[in-house]
Amino acid sequence: MLALGIRYLNGWAMAAADGSKKEAAEWPPHPDRVYMALAAAHFETERRETTRAVLEWLESLPPPAIAASDCEVRTIATHYVPVNDATAPSIDPERAAGVSDAQFRAGLSLLPEHRSRQPRQFPVAIPFDDTVYLIWPSVKMPDELGAALEFLCANVTCIGHSASLVQMWVADQAPAPTWQPSGQGMSTSNFRVPTPGRLAALEAAYNEAAQTAWFELDRSIAQATGQARKALKAERKRRFDDRPPMARRPPAGFWTGYAQPTRPRKEVHLAGGVFSPRLLVFRQTAGTRLGLESTLNLTQSLRDCLLSHCPAQPPPEWLSGHAGDGTPSRAPHLAAFPLPHVGHANAQGHLLGVALALPIDVPALEVGKCLAPLLDLDDQTGLPKPFRLYAGQKFEIELQLDLADDPARALRPDTWIGPEGGCRTWATVTPIVLDRHGRSKDPWLEAEDVVATACERAGLPRPEHVVLGPVSHFIGAPPAGGKRGAYPHLLRKDGGRRHHVHAVLTFQKPIQGPVLVGAGRFRGYGLCRPWPPHGGQGR
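Residues numbered from 1 in each chain as written. Predicted model: local features only at pLDDT ≥ 70, side-chain atom pairs only at ≥ 80, totals over all residues. Heavy atoms only, no water.

Q: Help me understand the sheet that holds strand β4 (residues 71–73) in this model?
A: Consider a sheet: its strands pair through backbone hydrogen bonds, and that pairing is either parallel or antiparallel. If you walk across this open sheet you meet the three strands as β2-β7-β4, and the pairing is antiparallel. Whereas interior strands pair on both sides, the edge strands pair on one side only; in this sheet they are β2 (13–14) and β4. Pairing of β4 with strand β7 (residues 124–127) involves three bridges; the strand directions are antiparallel. Note that in β7 the partner of Cys71 across the bridge is Pro127. (Pairing = 2+ DSSP bridges. Helix = DSSP H or I, 4+ residues; strand = E, 2+ residues; numbered from the N terminus.)

Right under this line is the structure:
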């Protein structure tokens, strides 16, 4: 076994999980981040051949398991700090008898109290245990590289931000892993790992040879005089156009899936509908900004895309919604629904993505086979490939399977399936499409019965209370119908419009989502969310 121990000396880790955005903290540290810290130790010390050999050996190993505790995340705050990249005023000792006023002011501007300030964020994770281990259970350390790896570990001072100080060592023992690599594909989390060629890629990004040549030439110019100085300046102009060579940010490592061992859960028997709580979430990455009123066009376009790209033709009944003879399926089949920004004081109802809800009894292997074109991963980055959806002149958007560690609330599955213990009260985000028209003297009372029956038809228990209305309880969701209704209507067989209505459903016992009710439940209508949202007030 090979294990590397890392102790965070401050009791916290400062590193951004989302790159330059710096809005989310990374925890546990990704193996590639640890590898880059080891590479920094190599470059900042003696650059021994043995330490280089260790790094090249490490990048050839399979992804390590990780033993790390859970953590709390510090609330992100914006700080305004002096910039670090201010440039000193140019002073030519041969020409200038002294320092001009402009140069004097430029020099003062370099002092921290006079520099401009830029907003910065410092995401911090506070682990419950300050020690982390990277573990290769089946790897044995070569004897000739052991001392070099210990030397590198001893010279690692920080991982992530320079303030995130660590102690690092080669461990003889390690606790049981809490994260195991699960390979590419559907995983609960994705971490960056080093792959063969990583050290060379870091060197190429740093552009070390050109930077060294620039600094040596610059130093020679400062020491030279007369014609020699002019010649060196001409050479600098020819080689670098008087601009220092740039060092690029390190390219992102290769992403691979990780999963936590299954934890024993409290036995809770929850009622639920015909859909599995394991949603496939796709995030919109480009294209037209859509609102909830685009639900029908969006889900129809996605369904067409799924059917046309399905490797199995004709597509199976659970995907197409049609039996072998072409008649509408009576069995549960795949549903698509929008993921809007609603339930917040500033919510406008625009869509952040779309999700697929699969019938419970469809084998995962068949799902992977039929949806493979949308789940395909990039060979270079390990991330899902984006794909485009077209709907004529209505919209053109780009979607990507969402694997972010800290996605927006609308993109989190638990927003739509509810908490672990279930939820009794659910409110609609998109209106329920009624199965039939009311003909009684009290159409609202009859509509309540229609909605309750629609719940049973969707595999849910009959709700204890049904409260109907034209307006959703969630801020940002458009009204259901009438003059202010924004949703295109589903049509009956005779061409008439089906009625839309918003509702609050209260069940006798907690149930698990996703909750999709009514005639348009497979096309994004009748989408419900736990009420009140995340313990707050939606409207």
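Following the structure, the description resumes.
Q: Sorry if this is basic, but what is going on with the packing of helix α1 (residues 31–44) against helix α2 (residues 49–59) here?
A: When two helices pack together, their arrangement is given by the angle between the helix axes and by the axis-to-axis distance. Look at α1 against α2: their axes get within 10 Å of each other, and the N-to-C directions meet at 165°. What the angle tells us is that α1 and α2 run roughly antiparallel. The crossing of α1 and α2 is left-handed. Residue-level contacts link Tyr35, Leu38, Ala39 and His42 of α1 to Thr51, Arg52, Leu55, Glu56, Leu58 and Glu59 of α2. Here the residues of the contact of α1 with α2 are counted per class, giving five nonpolar, two polar and three charged. (Axes fitted to C-alpha atoms, helices over the stretch in contact; angles between N-to-C directions. Parallel < 35°, antiparallel > 145°, perpendicular 65-115°, else oblique. Left-handed = near helix turned anticlockwise from the far one by under 90°. Contact = heavy atoms within 4.5 Å. Nonpolar A, V, L, I, M, F, W, Y, C, P; charged D, E, K, R; others polar.)

Q: Teacher, can you tell me more about the environment of Met36 here?
A: Mapping Met36 onto the fold places it in helix α1. The exposure class of Met36 is partly exposed, given its relative accessible area of 23%. Sequence separation between Met36 and Pro250 is 214 residues; the distance between their C-alpha atoms is 9.0 Å. If sequence neighbours within four positions are ignored, Met36 has contacts with Arg198, Leu202 and Pro250. (Buried < 20%, exposed > 50% of the residue type's maximum accessible area, 1.4 Å probe, protein only.)

Q: Looking at this structure, I do not really get the nonpolar core. What am I missing?
A: As a rule of thumb, nonpolar side chains are buried together in soluble globular proteins. In terms of nonpolar packing, the biggest core is built from 58 residues, with Phe282, Leu319, Phe337, Leu356 and Leu389 touching the most fellow members. At six residues, the largest contribution of residues to this core is made by helix α8 (residues 295–309). Residues contacting Phe337, with those up to four places away along its chain left out, are Leu279, Thr299, Val354, Ala355, Ala357, Trp416, Leu516, Gly524 and Leu527. One finds Leu38, Leu58, Trp136 and Tyr258 within the second-largest nonpolar core, a separate group that totals 41 residues. (Core = buried A, V, L, I, M, F, W, Y, C linked by side-chain atoms within 4.5 Å.)

Q: In this structure, what is going on with the state of the cysteines? I would like to understand it.
A: What is meant by a disulfide is a covalent connection between two cysteines, made through their sulfur atoms. Considering all chains together, one arrives at zero disulfides under this definition. You can see Cys71 has no disulfide; the closest cysteine sulfur is in Cys158, sitting 19 Å from it. In this structure Cys423 is a free cysteine whose sulfur lies 11 Å from that of Cys528, the closest cysteine sulfur available. What makes Cys423 buried here is its relative accessible area of 13%. (Disulfide = S-S within 2.5 Å.)

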